[in-house]
Amino acid sequence: ARTSSCEADKFADMKNAVLSMLYEKGSLDEIAGRFFMSKSNLIRVFKKHTGQTPYKFLLDEKIRVSKVLLRNTNMNVKTIADRLCFTDEHYFSFVFKEKVGVPPLKYRNG
């Protein structure tokens, strides 16, 4: 199925709205409202275009950014967790280790 350019533009806006949640707290309900759709419809559209839910997409993106910050800055784990809107550094470390295979500091010291 071909995607119309209008639909592609709308999805690009949707994706950017989800990515804005990297650095500021937000909810899928808010984003869905911005696009005049239900949260479940937003998830369905997102999955159609990316193969993953907005939550998984955002989490993968947060981990990608955190790897860059760990390797290229002296920010501590708590600061990185705060910057990327994780609940706390323990949850961030748990998710990081689950996705990357090693805890954040071990990754940094590689």
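Preceding this section is the structure that the text describes.
Residues numbered from 1 in each chain as written. Predicted model: local features only at pLDDT ≥ 70, side-chain atom pairs only at ≥ 80, totals over all residues. Heavy atoms only, no water.

**Remarks on the pattern of salt bridges**
- Applying the stated criterion to the full structure yields 4 salt bridges.
- Across the pair Lys56 and Asp60 runs a salt bridge whose closest N-O atoms are separated by 2.9 Å. Taken together, the residues span about one helical turn, with Lys56 and Asp60 both in helix α4 (residues 54-72) at a distance of 4 residues.
- Residue classification places Asp60 among the partly exposed residues on the basis of a relative accessible area of 27%.
- In this structure, Glu61 engages Arg64 in a salt bridge whose closest nitrogen and oxygen atoms are separated by 2.6 Å. Remark: Arg64 and Glu61 occur in helix α4; sequence separation between them is 3 residues, near one turn of the helix.
- Assessed through its relative accessible area of 17%, Glu61 is described here as buried.
- Salt bridges sharing partners connect three or more residues here, namely Lys56, Asp60 and Lys99. (Salt bridge = Lys/Arg side-chain N within 4 Å of Asp/Glu carboxyl O. Helix = DSSP H or I, 4+ residues; strand = E, 2+ residues; numbered from the N terminus. Buried < 20%, exposed > 50% of the residue type's maximum accessible area, 1.4 Å probe, protein only.)

**Some details on the nonpolar core**
- Counting 31 residues, the largest nonpolar core has Phe86 and Phe92 as the members making the most contacts within it.
- If you list the elements that add at least two residues to this core, you get α1 (5-19), α2 (28-34), α3 (39-50), α4, α5 (77-83) and α6 (89-100).
- Sequence-distant contacts of Phe92, defined by excluding residues within four places in its chain, comprise Ile63, Ser66, Val77, Ile80, Ala81, Phe86 and Pro104. (Core = buried A, V, L, I, M, F, W, Y, C linked by side-chain atoms within 4.5 Å. Contact = heavy atoms within 4.5 Å.)

**Re the environment of Asn109**
- Among the structural elements, Asn109 can be located in helix α7 (residues 104-109).
- Separated by 38 residues in the primary sequence, Asn109 and Arg71 place their C-alpha atoms 8.2 Å from one another.

**Things to note about the packing of α1 against α4**
- Contact geometry of α1 with α4 gives a least axis separation of 10 Å together with a crossing angle of 60°. The angle between the axes of α1 and α4 places the two elements in the oblique class. As α1 runs across α4, the sense of the crossing is right-handed. Contacts between α1 and α4 pair Lys15, Val18 and Leu19 from the former with Pro54, Phe57, Leu58 and Glu61 from the latter.
- Within the contact of α1 with α4, the residues separate by chemical class into 5 nonpolar, no polar and 2 charged. (Axes fitted to C-alpha atoms, helices over the stretch in contact; angles between N-to-C directions. Parallel < 35°, antiparallel > 145°, perpendicular 65-115°, else oblique. Left-handed = near helix turned anticlockwise from the far one by under 90°. Nonpolar A, V, L, I, M, F, W, Y, C, P; charged D, E, K, R; others polar.)

**Here we look at the environment of Ser27**
- Structurally, Ser27 can be placed in the loop between α1 and α2.
- C-alpha of Ser27 to C-alpha of Ser66: the two residues are 39 residues apart in sequence and 21 Å apart in space.
- At 3.1 Å, the side chain of Ser27 forms a polar contact with the backbone nitrogen of Glu30. (Polar contact = N/O pair within 3.5 Å; in protein donor to acceptor, adjacent residues only side chain to side chain.)

**Quick look at unusual backbone geometry**
- The phi angle at Phe36 is positive, at roughly 55°, despite the residue not being glycine.
- One can find Phe36 in the loop between α2 and α3.
- Residues other than glycine seldom take positive phi values, yet Cys85 does so here, at roughly 60°.
- Tracing the chain through its elements places Cys85 in the loop between α5 and α6.

Nothing here speaks to function; it is geometry throughout.
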